[in-house]
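Summary of structural features
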Amino acid sequence: MKNSACLLAATLAFAIIALPAVADTFLVDLEGNGDWLTIAEAIADTNVSQADTILVAPGIYTGENNRGLDFAGRNLCISAFMPRAGDVIIDCEGYDRAFYFHSGENQTSIIEGLTIRNGYAGGNGGSIYCAAGSGITIRNCIFENSHASTGGAVAIASASAHILGCTFTGCTADYGAGISAGFADSVIEDCMFEGGQAGFSGGAIWCSNSESTITGCTISNCSADMVGGSIHCQGGNPTITYCTIYGGDAFNGGGIYCQIANPLITNTIVAYGLRGRGVYCLSSEPEITHCIFYGNLPVDVLCGNHYDNLSEPPLFCDSGALDFTLCADSPALPAINDWEESIGAHGMGCDACGSPVENASWGAIKALYRANPR
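Residues numbered from 1 in each chain as written. Predicted model: local features only at pLDDT ≥ 70, side-chain atom pairs only at ≥ 80, totals over all residues. Heavy atoms only, no water.

A word on a nonpolar patch on the surface. Judged by side-chain polarity, F200, M226 and F251 come together as a nonpolar surface patch covering roughly 290 Å² of accessible area. Looking at the element boundaries, F251 is found in the loop between β29 (244-246) and β30 (256-259). Judged by relative accessible area, which is 53%, F251 ranks as exposed. (Patch = residues over 30% accessible without salt bridge, like charges linked within 9 Å, V, L, I, M, F, W, Y side chains within 5 Å. Areas by Shrake-Rupley, 256 points an atom, 1.4 Å probe, with all protein chains shown as cover. Salt bridge = Lys/Arg side-chain N within 4 Å of Asp/Glu carboxyl O. Helix = DSSP H or I, 4+ residues; strand = E, 2+ residues; numbered from the N terminus. Buried < 20%, exposed > 50% of the residue type's maximum accessible area, 1.4 Å probe, protein only.)

So, about the side chain of T289. Along the polypeptide, T289 turns up in strand β34 (residues 287-289). Within polar-contact distance, the side chain of T289 engages the backbone oxygen of Y307 at 3.2 Å. With near-sequence residues (within four places) excluded, T289 lies in contact with I265, T266, N267, Y307, D308 and N309. (Polar contact = N/O pair within 3.5 Å; in protein donor to acceptor, adjacent residues only side chain to side chain. Contact = heavy atoms within 4.5 Å.)

This part is about the pairing of strand β23 (residues 205-210). Most of β23 is tucked away, with 5 of its 6 residues classed as buried. Across 4 bridges, the pairing between strand β19 (residues 179-182) and β23 is parallel. Each bridged residue has a counterpart across the sheet, and for A181 the counterpart in β23 is C207. With 5 bridges joining them, β23 and strand β27 (residues 231-236) adopt parallel strand pairing. Bridged to W206 within β27 is H232. (Pairing = 2+ DSSP bridges.)

Further remarks concern the pattern of salt bridges. Summed over all chains, the structure comprises 4 salt bridges. A salt bridge links R67 to E93, with the shortest nitrogen-to-oxygen separation between them at 3.3 Å. Taken together, the residues span a long stretch of sequence, with R67 in the loop between β3 (59-61) and β4 (69-70) and E93 in the loop between β6 (88-91) and β7 (99-101) at a distance of 26 residues. Overall, E93 belongs to the partly exposed group, its relative accessible area being 40%. Between R275 and D249 there is a salt bridge, with the nearest N and O atoms lying 2.6 Å from each other. On the criterion of sequence distance, the pair formed by R275 in the loop between β32 (269-271) and β33 (279-282) and D249 in the loop between β29 and β30 is long-range, its members being 26 residues apart.

Judged by which residues are buried, β33 turns out to be one-sided: V279 and C281 face inward and are buried, whereas Y280 and L282, on the alternate face, are not. As judged from the 4 bridges shared by β30 and β33, these two strands associate in the parallel manner. Bridge pairing in β33 places I256 opposite V279.

On to the packing of aromatic side chains. Per the counting criterion, the structure on display carries 14 aromatic pairs. Centroid distance Y246 to F316: 6.1 Å. Interplanar angle 80°. Geometry classified as edge-to-face. Pair noted here: Y246 is in strand β29 and F316 is in strand β37 (residues 316-318), with a separation of 70 residues, a long-range link. An identical accessibility class is assigned to Y246 and F316; each is buried. Each ring, one from Y246 and one from F324, has its centre 5.0 Å from the other, and the planes form 50°; the classification is tilted. On the criterion of sequence distance, the pair formed by Y246 in strand β29 and F324 in strand β38 (residues 323-327) is long-range, its members being 78 residues apart. As far as the burial class goes, Y246 and F324 line up, both buried. Within the aromatic cluster, the residues linked to one another by ring pairs are Y246, Y272, Y294, F316 and F324. (Phe/Tyr/Trp six-rings, centres within 6.5 Å; stacked < 30°, edge-to-face > 60°.)

Here we take up the sheet that holds β38. Read across the sheet, 3 strands follow the order β37-β38-β39 without closing on themselves; strand pairing throughout is mixed. Strand pairing shows two members of the sheet lacking a second neighbour, β37 and β39 (348-350), which therefore form its edges. Shown here is a sheet whose adjacent strand axes are inclined to one another by a mean of 70°, direction ignored. For β37 and β38, the ladder comprises 2 bridges, and the chain directions are antiparallel. Counted as the bridge partner of F316 is L326 from β38. (Axes fitted to C-alpha atoms, helices over the stretch in contact; angles between N-to-C directions.)

Another aspect to go through is the confidence of the model for the protein chain. Mean pLDDT over the protein chain stands at 90; residues scoring 70 or higher make up 88%. Counted against residues more than four places away or in other chains, residues 1-21, with its pLDDT under 50, gives 50 contacts. (pLDDT = per-residue confidence, 0-100.)

Turning our attention to unusual backbone geometry. Of note, the amide linkage connecting L297 to P298 takes the cis form, showing an omega dihedral of 0°. In this fold, P298 is placed in the loop between β35 (292-294) and β36 (305-307). Phi is positive for L315, close to 60°, though the residue is something other than glycine. On the secondary structure map, L315 appears in the loop between β36 and β37.

Here it is, written out as structure tokens:
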């Protein structure tokens, strides 16, 4: 399947007229109906000077030729063919990470529509590691049960990345169970993190000396043994905006922990954290505005430069079912709050609730009771 343009949307791959001498498209298919049986063989067949596309047919890809994959300086697009969630799975089986970028690739290198599970690295990036001087775009991928010392699923180190619309579940690390961004200016947008666990900090995201932007993300039930149950900002000035953070748990900063960092935190919900406060500052002056902090234990006390924030129940439709859309009477809706702005990652999803208890999970009810003892 030669001479097709490198495609950003895999579903259009074979509907586009071939463009001669521009780029090639290859199909990997376990059933033998494509150009190659494994992803490593397809990468080796691509042209270093072209933005080739590798489409991967549905199936579970295992073994040495489907993990530890290295673009070796190529700017490729690897995408699920006719993608649907969970159709194309790379199972690293706990032996290695799936992809390693370290040879000057840039953000035209794309990983899209893949499920990567059981990735492992003793150092950085249990599923994907983007090292110094490289870049990557990761779109609409699912990361499950990956582990590393830093960046349980994805590690970005002195590099740049766009991570868009991805889901992270059950990932673990010492630092950054979902994503670590160290000395990295990256964009993390519209991602979902559930149940991440960090041995030290960053149950979902760990930003170190980073100017990264975290926007539109939903982080639920993530924890860290020490600090930053959901997000740890260590140095730098990242931006956190239009996010929903629920049920964070850490010794300090169950929601957001700021350490010698001055992040901008706007239009974000931090609610029902189990320990460590919604936000905690150590030698930091974050700017916090137009946010909702509610029901975080032991108390909701903000730090840094904070103004025009609310301490009211956000009124989720069904947080117990991980539905963080908003009741019609939620103060996070622009029609309800004084600023006429959306707060959090989600819009209205159900009728008026009228009570913080009606839509709360058991954890949220306990948090609400402890925060408002009678």
